[in-house]
Amino acid sequence: MTQTPVRYSPDVEDVKPDEAETIMKLNQTFDKILEKTAEDYGHAVRSVHAKAHGFLQGTLTVHDGLPPELAQGLFATAGQHEIVMRFSTNAGDILPDTISLPRGLALKVMDVEGERLPGADGRTQDFVMVNGPVFQNKTADQFLGNLKLLAGTTDKLDGTKEAMSKVLRGVNTVLSAVGIESPKVQTLGGAPNSDPLGETYFSVTPFRYGDYIAKFAIFPVSKDLADQTDTTIDATGRPDALRDVIRSETQVLEMEWELRVQLCRDLEEQPVEDPTVEWKQADAPFQTVATIRAAKQDSLTKDKFQKINEEMRFSIWTGLAAHRPLGNINRARNETYRHSADFRAHVNGCPYHEPAGGRV
């Protein structure tokens, strides 16, 4: 670490005049996905990360004795919080697991004290992550272009998607062998068909971290989880292979992760407005601020599916003002996440809510 952390100020963001129009168009495009999937399934699902693979309940313990630059926001006070975790795949339709896409992990931390973000209900702090360090698009309007293409394929041509995924996995393997990571290839179906429990998950976009600016990540650290890293799952003939694998593993594995923080130390090298740029760990190392533990449990009970999948929403804008999402992509995620959740609640007749009293 050669530089001190950059202090947060509002001028680290560059708000463009056309962002409201882009958000409106994003909602319109998400509506096409939401309406199509709701019609086909007879039940509304999320516009992204629609397919859940498992749910865990556990605890997050904020470490004692953190240095001042890490003891910020949620992490300013040592202690234990109840949490829930939702593992998913990033598509907006329910696809067979032979179509391998980036994995997602949503984390909800209960009983969080402090000033809330505007419109943030309850007393929780959400983290929404994927198993890669960068986003596929620099800006929301670029993401809109890709989303329009994906909306046209929603819930169509599963066989073609499976074949394309197989080809793209081969392309991704070749690229990875020569040190090239392609989020676009992975998002189209070329991601490794990896075990979600062994993956490292990244916030990808930056957030306010109290007086500073940071990205977050969750690393598997128990031996049982680390042993699943780089494990490939054969989903042939098993459309819900990931659910089966996670369900069997969570009943026997010791599960422990670390939540780590990557403080911005140079706005040129670690930009706020471009999530396609990886913040190199050599320049901005991840530092552990909390430990997540989950006891052995059934990850796919009907009760968990109802309470976590159906009755909860996960949004980066649910939480503390001290962890305000930063950058164009994050600003676009505020209204679009709520728009998707409102659609789902209306169609299903199942209002979402934030857990009260630290309990699911």
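Residues numbered from 1 in each chain as written. Predicted model: local features only at pLDDT ≥ 70, side-chain atom pairs only at ≥ 80, totals over all residues. Heavy atoms only, no water.

Per an unreviewed UniProt entry, the protein chain carries the name Catalase and comes from Sphingomonas dokdonensis.

> Residues and numbers for empty space enclosed by the protein, please.
In the structure shown here, the tally under the stated rule is 4 cavities of 30 Å³ or more. Approximately 270 Å³ is the volume found for the largest cavity. In this structure, the largest cavity is lined by 19 residues; those nearest its centre are R46, V48, H49, F314 and Y337. Of all the secondary-structure elements, those providing two or more residues to the lining of the largest cavity are strand 2 (79-89), strand 3 (103-109), strand 4 (125-130) and helix 8 (328-348). (1 Å grid on protein atoms, 1.4 Å probe; cavity = no way out; pocket = protein on both sides within 12 Å on 5 of 7 lines; lining within 4 Å. Points joined across faces, edges and corners; volume = space filled by probe spheres on them. Helix = DSSP H or I, 4+ residues; strand = E, 2+ residues; numbered from the N terminus.)

> Run through the nonpolar core, naming residues and quoting values.
Of all hydrophobic cores here, the largest spans 52 residues; its most connected members are F75, L107, W257 and L259. Contacts of L107, omitting those with residues within four sequence positions, involve L60, I83, V84, M85, Q125, D126, F127, I218, L259, I292 and F314. (Core = buried A, V, L, I, M, F, W, Y, C linked by side-chain atoms within 4.5 Å. Buried < 20%, exposed > 50% of the residue type's maximum accessible area, 1.4 Å probe, protein only. Contact = heavy atoms within 4.5 Å.)

> Lay out the packing of aromatic side chains in plain terms, naming residues and giving numbers.
Applying the stated criterion across every chain yields a total of 11 aromatic pairs. Seen from their ring centres, F75 and F216 are 6.4 Å apart, and the 40° between their planes marks the pair as tilted. Of the two residues, F75 is situated in the loop between strand 1 (51-62) and strand 2 and F216 in strand 7 (residues 212-220); the sequence distance between them amounts to 141 residues. Consider the rings of F135 and F143, whose centres lie 5.6 Å apart with planes at 50°: the pair is tilted. Owing to a relative accessible area of 15%, F143 belongs among the buried residues under this scheme. (Phe/Tyr/Trp six-rings, centres within 6.5 Å; stacked < 30°, edge-to-face > 60°.)

> Give a detailed account of the confidence of the model for the protein chain, specifying residues and quantitative values.
In the predicted model, the protein chain carries a mean pLDDT of 88, and 87% of its residues have values of at least 70. A low-confidence stretch, residues 156-182 stays under pLDDT 50, and its non-local contacts, those more than four residues away or across chains, total 40 contacts. Within the model, the stretch residues 184-190 combines pLDDT values under 50 with 32 contacts to residues more than four positions away or in other chains. (pLDDT = per-residue confidence, 0-100.)

> Tell me about helix 6 (residues 241-250), and name the residues and values.
Of all 10 residues that make up helix 6, 7 are buried, and the element is covered over most of its length. Those residues of helix 6 lying buried are A241, L242, R243, V245, I246, E249 and T250. Of the surrounding elements, those touching the buried residues of helix 6 are strand 1, strand 2, strand 3, strand 8 (255-263) and helix 7 (302-310).

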